[in-house]
Amino acid sequence: VRPVARTGRILPVVNWDVFVQQLVNGLTLGSVYALIALGYSMVYGILKLLNFAHGEVYMIGAFVGYGVLTVSGGAADPMFPIWLLLSFMFIAAMIGSGVLGMVIERFAYRPLRNAPRIAPLISALGVSFFLQNTALLLFSADFRSYDTFTLDDGSLFVKGIHKGPLNISLIRIIVIVTTAALMVGLALFVSRTRLGKAMRATAYDREAAAMMGIDVDRVIVVTFFIGSALAGAAGVMVGLVFQRVYHFMGFVAGLKGFTAAVVGGIGSIPGAMLGGLVIGLAEAFSTGYLSSTFQDLIVFGILIVVLIVRPTGLLGKADIKKV
Amino acid sequence: MSQLSQIGVDSWVVEAEERREAGRFARAFERVPREVRFGTFIVAAAVIPLLTSNEYVIRVGVDTLIFGLLALGLNVVVGFAGLLDLGYVAFFGFGAYSYALLSSDKFGVHWPAEVSLPVIVLGAAVVGLLLGLPSRRLLGDYLAIVTLFFGQAFVTFTTNGNRLTLFGHSGAVDLTSGPNGISGLDPLNFFGLHVNSIEGYFYVALITLAFVMVALHFTAESRTGRAWKALREDPLAAEAMSIPVNRLKLLAFAFGAGVAGLTGMISAAVDGAVFPDNYDIPLLITIYAMVILGGAGSLSGVILGAITINVSLEVLRDANQARWLFYSVILITLVAKMRPWSKLAAVLASLVAFGFAFHAIVGAVWPAGTKGEAAGGDVIGRAVQDWVIRPEHHAILIGNYAFVALIASVLALTLLRGLWRTVLLVPTLYLAAFVWENRLDFEPSVTRLIVLGALLIVLMNARPQGLLGTARVEIG
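Model, not experiment: these values are computed from the prediction.

Reading the values: the criteria
Residues numbered from 1 in each chain as written. Chains lettered and ligands numbered in written order. Predicted model: local features only at pLDDT ≥ 70, side-chain atom pairs only at ≥ 80, totals over all residues. Heavy atoms only, no water. Helix = DSSP H or I, 4+ residues; strand = E, 2+ residues; numbered from the N terminus. Buried < 20%, exposed > 50% of the residue type's maximum accessible area, 1.4 Å probe, protein only. Contact = heavy atoms within 4.5 Å. Areas by Shrake-Rupley, 256 points an atom, 1.4 Å probe, with all protein chains shown as cover. Rg over C-alpha atoms; globule rule 2.2 N^0.38 Å. Polar contact = N/O pair within 3.5 Å; in protein donor to acceptor, adjacent residues only side chain to side chain. pLDDT = per-residue confidence, 0-100. Salt bridge = Lys/Arg side-chain N within 4 Å of Asp/Glu carboxyl O. Buried area = accessible area lost by both parts, 1.4 Å probe.

(A) Representation of the overall build of chain B. Across its full length, chain B holds 19 helices and 8 strands. By the burial criterion, 51% of the 476 residues in chain B qualify as buried. Considering only contacts in chain B between residues 6 or more positions apart, those separated by 24 or more positions represent 75%. Accessible surface, chain B as shown: approximately 21200 Å² in total, 68% of it carbon and sulfur.

(B) Structural detail: the overall build of chain A. What chain A contains, in helices and strands, is 12 helices and 2 strands. For chain A, the N- to C-terminal ordering of α and β elements is α-α-α-α-α-β-β-α-α-α-α-α-α-α. Against the 2.2 N^0.38 benchmark of 20 Å for 323 residues, chain A shows a C-alpha radius of gyration of 21 Å, consistent with a compact globule. Principal-axis analysis of the C-alpha atoms gives chain A an extent of 75 × 50 × 40 Å. Out of the 323 residues belonging to chain A, those deemed buried represent 54%.

(C) Structural view of helix α9 (residues 223-233) of chain B. A large share of α9 of chain B lies buried, amounting to 8 of its 11 residues. Residue Ser222 of chain B occupies the N-cap position of α9 of chain B, its side-chain oxygen lying 3.3 Å from the main-chain nitrogen of Thr224 of chain B.

(D) Main features of the confidence of the model for chain B. Residues and elements named next belong to chain B. Per-residue pLDDT for chain B averages 84, and the proportion of residues at 70 or more is 89%. Considering each helix and strand of chain B separately, the mean pLDDT is smallest for helix α1 (residues 3-18), with a value of 55, and largest for helix α5 (residues 88-102), with 93. In this model, residues 1-5 is a region of pLDDT below 50 whose contacts with residues beyond four sequence positions or in other chains number 4 contacts. Across the whole predicted complex the pTM is 0.89, and at the interface the ipTM reaches 0.87.

(E) The arrangement of the environment of Leu125 of chain A in detail. Mapped onto the elements, Leu125 of chain A comes out in helix α4 (residues 118-139). When near neighbours in sequence (up to four residues on either side) are disregarded, Leu125 of chain A contacts Phe52 of chain A together with Leu86, Ile285 and Tyr288 of chain B.

(F) Just the pattern of salt bridges, in detail. Residues and elements named next belong to chain A. Across all of its chains, the model carries 11 salt bridges over all chains by this definition. Here Glu105 and Arg113 are joined by a salt bridge, their closest N and O atoms 2.6 Å apart. Judged by relative accessible area, Glu105 falls into the buried class, the value being 1%. Put simply, Glu105, Arg110, Arg113 and Asp217 are held in one network by salt bridges that share partners.

(G) Quick peek at the interface of chain B and chain A. Taken residue by residue, the interface counts 56 residues in chain B and 52 residues in chain A. Buried surface at the junction of chain B and chain A, summed over both partners, amounts to about 5000 Å²; 80% is from carbon and sulfur atoms. One can count 2 residue pairs in polar contact (both at pLDDT 80 or more) joining chain B with chain A. For the side of chain B that touches chain A, the secondary-structure elements that each account for two or more residues are α7 (141-160), α10 (235-240), α12 (281-294), α17 (395-415) and α19 (444-462) of chain B. No other element matches α7 of chain B, which puts 13 residues into the side of chain B that touches chain A.

(H) Representation of unusual backbone geometry in the model. Notably, Gln243 of chain A is not glycine yet its phi reads approximately 60°, a positive angle. Its location among the elements puts Gln243 of chain A in the loop between α9 (216-242) and α10 (249-264). The exposure class assigned to Gln243 of chain A is buried, which follows from its relative accessible area of 10%. Even without being glycine, His394 of chain B reaches a positive phi, approximately 55°. For His394 of chain B, the position within the fold is in the loop between α16 (379-385) and α17.

Now the structure itself:
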């Protein structure tokens, strides 16, 4: 709220510059959280397992993107045209994260599939902590920067839509459009392909799906690959926009991605997308208007409120307990 | 509840224990009467300050006792009731910060311990109860992440608690002194009796531990304790037996929080200061590793886990001692797991031969590859110098690649069977020694965290019952 007196007339209560800026910020953050939430939600839908290591998969994706950028000559002098470089970064990060997700599933979760519910959760906790500190050992505690400002003379930030209060840099457009494309792709995959159908069947009832001849192990591996690949893409996006990559980045992002999944309704793919946007916008606006240090607490508050008011989330269905 | 329905509950619960199989080690341990075990442990611990005047040793003892208390509290939640509470350290921090606010110059409040103790313990339990409420309906999965988030929120809050400016109130309120923490805490003061020395705190922690152990033992044997075990074994069946599942879960949760709060109070008084970073994820993982290693559900087990892990982590601080620990753990594991003896001897012999051969080849091809200095460098350090290659340059980079290769190799080992497994074991062990000598022994603080994470994964996959816990026999 601006002071009234200075110019002698009543200024609009809403500062549109700040509002639009936070809106764009929220959409960008929301894209990232939605991509992370999808992985949580898909895995939970099929295995009923909270994959705590998911945030770390996202962190590794960001590091893979950084590695590709460095190998290609760094942001100041890349050997490829910018669009090719960005594609390489996204593809490498998605494959790297996807494979990591498959490895985690194979070695940390699959042996525990028939164990008591708490066992894979503790194993997941161990994986998360192990990966986090492995990254600390390998990459040290320093922040790595994608240095997007020097990339292609800063065109990613200079170009874009700039009209009045509307300021959207090219990089944010890329992030939002890529996220939308990945989500449409995922939605088509799940609804149109045989494997997607198998995935839905497995999520609905794993035992029955196995009896119908679906290779459940394969479906689970594919789910982990896709979910982790999306998280890897999210990691590169964060690296490009916020330019800070470090070993601890996955932890809080994972928590927020999970919150997004719960808000949208865990197990529901459109829910994860919606939840991501809600959390992203909530965080951006609370940073802009309420407090810049306590946005994590505000997201936590949203999680608690959703669990009290509507534990199934916005688009989730109530789980019927089967005996 | 009529008398009739209670009969069913009790017999079902009694059977719950019989459905679990104790391990060899656990059975031998259980043959010793419980009172003897408990008495031996307390007496043995009590004489430590009499035998040594080394402040460091006593300090490690105090830390171990505090970890033991923490592990006992977590054991109620995880071991008895089977709930995954990942915000446990926040309650520990809550106790510590409450004590800091109630007994320091921060706000000029100086409550005696006999007043602040019940306030803090009850306060922590109530906070635990409030946190458990929203996730009540989906307790289990959601509880884990809600509590994890709560732990993170606690760290965020204490780190930024020196400038609370929420909702436009700009008159920044300083509650927690932010990242600098609160220091200059009063020593514990029970009814005018001040605890001033580290030996004094040792006995305070020991008496508290003994008290909590006895209390938990009787709780575990009580109706409530047996109901906890029943709902851990099979919540659905427990509910069908008319056990009030949600209420009991919340009770366990609050119980654990109360113990954590009590421990936080003691720990804050020992340290004389509190910092937000002390109540973060690494501590949580450490306590979980203690409970899981010792065997969730077993009181003596988690104490054993706390001693093992805390002493090991202390040993890891020093490069030379850490090396001893590393090679002994590998050797002990091999001796314990490998049958027959001939196979073990073959593996060890080929490992030694492989190392010397590899060292000779690398020394001939790339002389700088064997000229690096070991961390520490006592007898063993110099001895392995001729066996493990230590590059003079790029040791960190090569070590990093070797670390990734080691992970891949260990994962491959778990897939292989028979001869190939034994064959791959030799280079894997050598690679482990290489990574240890070139990378891990130089980074003790990261190494201990990596080891804890790996320990949780390995234990969960290979021996979920830990050392003294009982294996769960799956019921249909």
